[in-house]
Amino acid sequence: MYPSILLSLVFSIIISSYINGQLNFEISGFYSLLPFVNTYFEGSSYGAVPIYLINNGIMWTLVWEIRLYISIPILDFFNKYLANKLFLILICVVVTFIIRCCGFISDQSSSFIMLFIIGFLASAIKSYTLTNQPSKIIAITFVCIAFSLFNNGRIYNFYSVFIFLPVFLTMVYEYKIWSFLKFNSFQYLGMISFSLYLYHGCFQYLFSEKITNPYLWLIISTLLLSVLMPFIYKSIEVQLSDKIKYKLLR
């Protein structure tokens, strides 16, 4: 992740400097922009323009991805001693609920954790029920709807995210409504999606500041993203990342 993240941050700083008319680079400020396992400082800026306005505030989600990558080996370690994957997932749910109730994490943070856990749960359900049984999914859907009613009107809530479980199940069972994702165009879009995620805000911010017509700057930024993102994906995400992994693992 980090080669692409670093390059996107450098690009954000260049745009910020261009808009402000001056370069104000500080290594401490650049460090504060990087997503780590703990957090990052969203308000960090270069000049008068906060970086989160330029890159569309995308770094906070990367913090949670990094936390997921770190937790997977830990979960795999415990999974070796538990024959039932559903039991391990239940433990994760209970632990998340307890640390939320004790105030160690916010209700919103617990919902982010639960989104990952629910994804694992959907995969585990398929492994135990290989046949596609709509009746079971309908029953799970009603249970999730009932459970999500405890959300007190909040979107990111420990309970509200359970409503995504039926959606995830339709994906893991490959329902026909998702068959369009198998088209080559969508497969290719999926490959470059991370680069699009990192850079789309940069291009849109740059051209929205220089072009008053919203339709024009949207068209120009979309065209440039379409041309440059495949190149960045191949050169940074694939080639450079493979070289780094090879040097680290050899």
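Small disclaimer: the values here were computed from a predicted structure and weren't measured. Within each chain, residues carry numbers counting from 1 in the order of the written sequence. A pLDDT threshold of at least 70 governs which residues receive local features in this predicted model, and a stricter bar of 80 or more applies before side-chain atom pairs are shown or counted, although totals over entire chains, interfaces and linings include all residues. Note: side-chain values were computed over all heavy atoms of the structure, leaving out hydrogens and water.

Counting residues in hydrophobic clusters, the biggest one holds 28 residues, and the most contacted among them are Ile5, Leu9, Leu62, Leu198, Tyr199 and Met229. Runs of H or I in DSSP of at least four residues are treated as helices and runs of E of at least two as strands, each being numbered from the N terminus. Here this core gets eight residues from one element, more than from any other, and that element is helix H10 (residues 193-210). Buried residues of nine kinds, namely Ala, Val, Leu, Ile, Met, Phe, Trp, Tyr and Cys, make up a nonpolar core once their side-chain atoms join them within 4.5 Å. Exposure categories follow from relative accessible area, calculated using a 1.4 Å probe and restricted to protein chains: below 20% of the type maximum is buried, above 50% is exposed, and the middle band is partly exposed. Formed by 19 residues, the second largest nonpolar core is a distinct cluster that contains Met114, Ile118, Phe162 and Leu169.

When two rings of Phe, Tyr or Trp (its six-membered ring) have centres within 6.5 Å they constitute a pair, described as stacked for plane angles under 30 degrees, edge-to-face for angles over 60, and tilted for the intermediate range. Under the counting rule described, the total for this entry stands at 14 aromatic pairs. Judged by centre distance (5.1 Å) and plane angle (40°), the ring pair of Trp60 and Phe112 falls under tilted. Placement of Trp60 in helix H4 (residues 59-79) and of Phe112 in helix H6 (residues 107-128) is noted, with a sequence separation of 52 residues between them. By relative accessible area, which is 33% here, Trp60 ends up partly exposed. Feature note: the residues Phe97, Phe150, Phe158, Tyr159 and Phe162 constitute an aromatic cluster, connected by ring pairs. Between the NZ or CZ atom of Arg67 and the centre of the ring of Trp64, over which it lies, the distance is 4.4 Å. Whether a charge sits over a ring depends on NZ of Lys or CZ of Arg being within 6 Å of the ring centre and within 35 degrees of the ring normal.

So, about H6. Here the expected length of a helix is defined as 1.5 Å per residue gap, with one fewer gap than residues. For H6, built from 22 residues, the straight-helix expectation of 32 Å at 1.5 Å per residue is met to within 8% by its first-to-last C-alpha distance of 30 Å. Residues of H6 that are buried in the fold lie against H4, helix H5 (85-101), helix H7 (134-148) and helix H8 (165-172). Residue contacts follow a heavy-atom distance rule, with two residues in contact if any of their heavy atoms lie within 4.5 Å.

This part takes up the side chain of Arg100. Assignment of secondary structure puts Arg100 in helix H5. By relative accessible area, which is 18% here, Arg100 ends up buried. Residue contacts for Arg100: discarding those within four places in its chain leaves Ile105, Asp107, Ser110, Phe158 and Tyr159.

Despite not being glycine, Asn56 has its phi angle at roughly 70°, a positive value. Note that Asn56 resides in the loop between helix H3 (51-54) and H4. With a phi angle near 55°, Glu174 is a residue other than glycine that sits in the positive phi range. Structurally, the position occupied by Glu174 is in the loop between H8 and helix H9 (184-191).

Another point: the side chain of Asn157. You can see Asn157 is positioned in the loop between H7 and H8. The residues touching Asn157, leaving out its near neighbours within four places in the chain, are Asp107, Ser111, Phe150 and Asn151.

A few words on the confidence of the model for the protein chain. Taken residue by residue, the protein chain gives an average pLDDT of 83. The fraction at 70 or more is 91%. The spread of mean pLDDT over the elements of the protein chain runs between strand S1 (residues 45-46), the lowest at 56, and H5, the highest at 91. Per-residue confidence from the predictor is reported as pLDDT, which spans 0 to 100.

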